[in-house]
Amino acid sequence: MPGVRDISADAFIVAYSSHLKRSGKLEVPTWVDMVKTGSYKELAPYDPDWYYVRAAAIARHIYLRKDVGIGALTKLHGGRNRRGNRPSHHAPCSSSVQRRICQSLEKIGVLEQTDNGGRRISQDGQRDLDRIATAVVEAAREEEEEEVEEEEEEEE
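Residues numbered from 1 in each chain as written. Predicted model: local features only at pLDDT ≥ 70, side-chain atom pairs only at ≥ 80, totals over all residues. Heavy atoms only, no water.

Caption draft 1: Spotlight on the layout of surface pockets. The space that makes up the largest pocket amounts to roughly 160 Å³. Lining the largest pocket are Y16, H19, L20, S23, K25, I108, G109, V110, D124, G125 and D128. Listed by contribution, the elements that provide at least two residues to the lining of the largest pocket are α1 (9-23) and α5 (123-155). It is α1 that contributes the most residues to the lining of the largest pocket, four residues altogether. Its residues assigned to classes, the lining of the largest pocket comprises four nonpolar, four polar and three charged. (1 Å grid on protein atoms, 1.4 Å probe; cavity = no way out; pocket = protein on both sides within 12 Å on 5 of 7 lines; lining within 4 Å. Points joined across faces, edges and corners; volume = space filled by probe spheres on them. Helix = DSSP H or I, 4+ residues; strand = E, 2+ residues; numbered from the N terminus. Nonpolar A, V, L, I, M, F, W, Y, C, P; charged D, E, K, R; others polar.)

The structure is reproduced here in structure tokens:
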């Protein structure tokens, strides 16, 4: 049975974020449409569903690594801080955003806190992510089979 490790990050994150949005369980704060994701950013994200995408990326990251804290997530989702005519440096993203996403994922039962203050994936969350990964692999297989059938029809 394929898992989260067996598929590309992009395909999984797109599928899981659409699942989170469809389910409607993930609690989205009211400030999502106007907040910047880091102090080095100039504008808020253009994508209106960026909160679901970030939640899916965080869930995948914590699935792959057993015990992750907020600081590690801020480094992961950070970016280039452009400092004018001085050289650019890496800057962490907003820890408040990461913490709120982790809290939202904890409320729906995907994550749980560890003894040392980090987060890890719960059993229900692991089952949910594995199910989504299996669905992505099956959808890719079906698309491949359809393409092969179309090529065979064109050759005849």
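On we go from here.
Caption draft 2: Summary view of α5. The first and last C-alpha atoms of α5 sit 48 Å apart over 33 residues, in line with the 48 Å expected at 1.5 Å per residue. Taken as a whole, α5 has its buried residues at G125, D128, L129, D130, I132, A133, T134, V136 and V137. Taken together, the buried residues of α5 touch α1, α2 (50-64) and β4 (119-121). (Expected span 1.5 Å × (residues − 1). Buried < 20%, exposed > 50% of the residue type's maximum accessible area, 1.4 Å probe, protein only. Contact = heavy atoms within 4.5 Å.)

Caption draft 3: Fine view of the confidence of the model for the chain. Of all residues in the chain, 99% have pLDDT values of 70 or greater, and the mean over the chain is 89. The secondary structure element of the chain with the lowest average pLDDT is α5, at 85, and the one with the highest is strand β2 (residues 86-91), at 94. (pLDDT = per-residue confidence, 0-100.)

Caption draft 4: Representation of the side chain of S17 in the model. Its location among the elements puts S17 in helix α1. Accessibility expressed as a relative area gives 9% for S17, which makes it buried. Those residues in contact with S17 that lie beyond four places of it in its chain are Y52, V53 and A56.

Caption draft 5: How the structure looks around the packing of α2 against helix α4 (residues 95-107). Between α2 and α4, the shortest axis-to-axis distance is 10 Å and the interhelical angle comes to 75°. Considered as vectors, α2 and α4 are oriented roughly perpendicular to each other. Every residue of α4 that contacts α2 at W50, Y51, R54, A55, I58 and A59 is listed here: V97, Q98, R100, I101, C102, S104 and L105. Tallied by class, the residues present in the contact of α2 with α4 amount to nine nonpolar, two polar and two charged. (Axes fitted to C-alpha atoms, helices over the stretch in contact; angles between N-to-C directions. Parallel < 35°, antiparallel > 145°, perpendicular 65-115°, else oblique.)

Caption draft 6: Quick look at the pairing of strand β1 (residues 79-83). Where β1 meets β2, four bridges bridge the pair, whose relative direction is antiparallel. Across the sheet, N81 pairs through a bridge with H89, a residue of β2. The hairpin turn running from β1 into β2, its antiparallel successor, is two residues long, and G84 in that turn takes a positive phi close to 75°. (Pairing = 2+ DSSP bridges.)

Caption draft 7: Seen up close, the environment of K36. Here K36 shows up in the loop between α1 and α2. Residues K36 and S94 lie 58 residues apart in sequence; the distance between their C-alpha atoms is 8.0 Å. Once residues lying within four places of it in the same chain are set aside, the contact partners of K36 are K41, E42, L43, A44 and V97. A polar contact is formed between the side chain of K36 and the backbone oxygen of K41, at a distance of 2.9 Å. (Polar contact = N/O pair within 3.5 Å; in protein donor to acceptor, adjacent residues only side chain to side chain.)

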